[in-house]
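Tertiary structure, described
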Amino acid sequence: MPHRLGQREQKLPTCDPDKTQLLEGKVDWRGRIATKDKHGGQGPSSLILGTFACENMASLVLGVTLVTYFNGVMHYDVADAATQVTNYSGTSYILTVLVAILADTYIGRFKAVLISCWIEFLGLGLLAFQAHYSKYKPPQNCNILDPTSTCEKVGGKNAAFLFIALYLVALGSAGIKSALPSHGADQFDENDKKEALQMSSFFNWLLLAVCIGGSISTTFIVWIQENKGWDWGFFVSTMAMFLGAIIFCVGLPWYRIFVIKGSSAITEIFQVYVAAIRNRNLQLPEDSADLYEIDEDNEAAIPAEFLPHTDTYKFLDKAAIQTSQQQYERPNHWKLCRVTQVENAKILLSMIPVFCCTIIMTLCLAQLQTFSIQQGFTMDTRITNKFHIPPASLPIIPIIFLIIIIPVYDQIIVPILRKFTGIPTGITYLQRVGVGLVLSALSMTAASILEVKRKQVARDNNMLDAIPILQPLPISVFWLSIQFFIFGIADMFTYVGLLEFFYSQAPKELKSVSSCFLWTSMSIGYFLSSIVVKVVNKATKKITNSGGWLVGNNFNRNHLNLFYLMLAVLSMVNFGIYLIVASRYKYRVQKSASDQDDSRVYALMEMKKSQVEN
């Protein structure tokens, strides 16, 4: 009998708590509770990275060539074309907030990404359709860069067609940017030490996916636009987006899908402010334990939903003051909020100063995507006598460098830094952001110096009024790669650091919304860029012969160097403010997995243990 029992024990599966653990709050595509052995992890997250790479392959080219499309095909002035592009980019990023709220509250992150993929696919298809048929464009029998030519600007139904297509792309791109990073991070358990490190790597690989997609976008697709036409360029972008949607759908059986509650977490944040205002005349209790909180021993309570009280932003604590009368009533959440709800509001409020300090960096990025590309059209683009590099492909230089350095940074530099600092990510999120802000200021300084050099070449060769396409300046376009290179490294530090920072610090119900802090920052930066250009032109109208620093299509006669210098100064002032903000920020305390011994999560493991013991 003992021998037979031993055989029986050998047949029973051993219990591996890490693999059999159920994941509270996450389900599979059929609505069943997800498990670590079947769902999530690095495999499904790789498909998500593939989708992000394809989306960036499809859309990144728009950021560097749309100014040329608006200027050369739709016949907008350069400044107006730059404004249209920054407005498009700004709208796309601001829409991330709307989609994120829908994703976190009503439709879920997976569905938000899926719908957004097909919306962007439709928008790109419409752009390709318009670019192919001449009747949907203004007459092309003129040269917008020739001051003697009179070009008809796109208008009427054709302009409506253009902007409908463009803003469908903006909406689709917004949905992917807002929900996809959070959905990717959902594939990891941040309370599991091993998976927490994998999640940190995921954000680094996310930038690598952007770079891989961007490298194809700024070379292959730009080359197609330059040599085969805009219609073929937009068509390839459309196919790239189609591929990304298919890759995303393939991972459906293996995804960990975050369960939405159907109630708005954003609403709960507003309730805190309303309740705090209503209770402003009430006296805070001396002991914070007297503030209102539901019973943590309640069967329906989930340990992860309880946050300890903190002493910051005490005025919000008044939202949790419970009067004697309210003790016997069902709480009205517009008058009384639980401590955890108040703490969530504090977390978001504390992140806002960090968010504000990143806006100037996007303002600088907008100039690289518009004015720097147009600078390139005035310069010598030859690599050899027969091969020319399109100016819109210049971002490939920092992208190639990033493709090389990101794996090195993630696999070599971070582990070395981790040994010295004891921080899983090597350096803190805010330190990483700070490095990027300094580099963005250096990038603008380099851009200003290069523009002085470029204009001096034009002056020395008596080419201040030369038509760029017919007479490029005898200075290599590769000089522009310096400013792109420095800013590319700044990207690696700041934007990835911000994504990690916002995701790790935000309440779990607001993960998608928190990642939108980054995209909203970029949105404001792009909109601010349009405003700054107009304000600068108006302020310098009477002190320049050209009628403003950035007026007209002739870069040799304007004062772009002074504009870049102004941005460099603004960036350094912004960094000084950021140092104060970052030094005062207190990181959210993360609970370890051992603190979250939810009986429902471990029920299956306990059952298997008892089977083995019996």
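Shown above is the structure to which this text applies.
Let us look at the structure shown here. None of these values were measured; they are calculated from a predicted model.

**A short note on helix H14 (residues 429-460)**
Compared with an ideal rise of 1.5 Å per residue, which puts 32 residues at 46 Å, H14 spans 47 Å between its outermost C-alpha atoms and is within 8% of the ideal. Where H14 ends, the next residue or the one after it, Asn-462, has phi of about 55°, a positive value.

**Details of the nonpolar core**
Of all hydrophobic cores here, the largest spans 157 residues; its most connected members are Tyr-69, Phe-70, Phe-203, Met-351 and Phe-563. At 14 residues, helix H3 (residues 42-73) tops the list of elements feeding residues into this core. Each residue touching Phe-70, except ones within four places of it in the same chain, is listed here: His-75, Tyr-76, Ala-81, Gln-84, Val-85, Leu-162, Phe-163 and Leu-166.

**A look at the pattern of salt bridges**
Following the criterion strictly, the structure yields 10 salt bridges and no others. Its salt-bridge partner being Arg-109, residue Asp-186 comes within 2.5 Å of it at the nearest N-O pair. On the criterion of sequence distance, the pair formed by Asp-186 in the loop between helix H6 (156-185) and helix H7 (193-227) and Arg-109 in helix H5 (residues 109-132) is long-range, its members being 77 residues apart. The buried category is assigned to Arg-109, whose relative accessible area is 3%. Linking Arg-382 and Asp-380 is a salt bridge whose minimum nitrogen-to-oxygen distance equals 3.0 Å. Ionic contacts of the salt-bridge type, sharing partners, join the residues Asp-317, Glu-343 and Lys-346 into one network.

**Some words on the packing of helix H11 (residues 359-369) against helix H17 (residues 560-584)**
Running from amino to carboxyl end, H11 crosses H17 at an angle of 160°, the nearest separation of the two axes being 9 Å. As far as their axial angle goes, H17 and H11 are roughly antiparallel. Judged by the sense of rotation from one axis to the other, the crossing of H11 with H17 is left-handed. Between H11 and H17, the residues in contact are Ile-360, Leu-363, Cys-364 and Gln-367 and Phe-563, Tyr-564, Leu-567, Leu-570, Ser-571 and Asn-574, respectively. Per-class residue counts for the contact of H11 with H17 are seven nonpolar, three polar and no charged.

**Points about the packing of aromatic side chains**
Overall, the coordinates contain 24 aromatic pairs when judged by the stated rule. Each ring, one from Tyr-69 and one from Phe-234, has its centre 5.2 Å from the other, and the planes form 90°; the classification is edge-to-face. Of this pair, Tyr-69 sits in helix H3 while Phe-234 sits in helix H8 (residues 230-250), and the two are 165 residues apart along the sequence. For the residue pair Tyr-69 and Phe-234, the accessibility class agrees, reading buried in each case.

**Remarks on the pairing of strand S5 (residues 473-476)**
Alternating residues of S5 divide into Leu-473 and Ile-475, all buried, and Pro-474 and Ser-476, none buried. Two strands pair when backbone bridges link them, and strand S4 (residues 379-380) and S5 are joined in this way by two bridges, in the parallel orientation. In the sheet register, Asp-380 faces S5, and the bridge partner there is Ser-476.

Conventions adopted
- Residues numbered from 1 in each chain as written.
- Predicted model: local features only at pLDDT ≥ 70, side-chain atom pairs only at ≥ 80, totals over all residues.
- Heavy atoms only, no water.
- Helix = DSSP H or I, 4+ residues; strand = E, 2+ residues; numbered from the N terminus.
- Expected span 1.5 Å × (residues − 1).
- Core = buried A, V, L, I, M, F, W, Y, C linked by side-chain atoms within 4.5 Å.
- Buried < 20%, exposed > 50% of the residue type's maximum accessible area, 1.4 Å probe, protein only.
- Contact = heavy atoms within 4.5 Å.
- Salt bridge = Lys/Arg side-chain N within 4 Å of Asp/Glu carboxyl O.
- Axes fitted to C-alpha atoms, helices over the stretch in contact; angles between N-to-C directions.
- Parallel < 35°, antiparallel > 145°, perpendicular 65-115°, else oblique.
- Left-handed = near helix turned anticlockwise from the far one by under 90°.
- Nonpolar A, V, L, I, M, F, W, Y, C, P; charged D, E, K, R; others polar.
- Phe/Tyr/Trp six-rings, centres within 6.5 Å; stacked < 30°, edge-to-face > 60°.
- Pairing = 2+ DSSP bridges.

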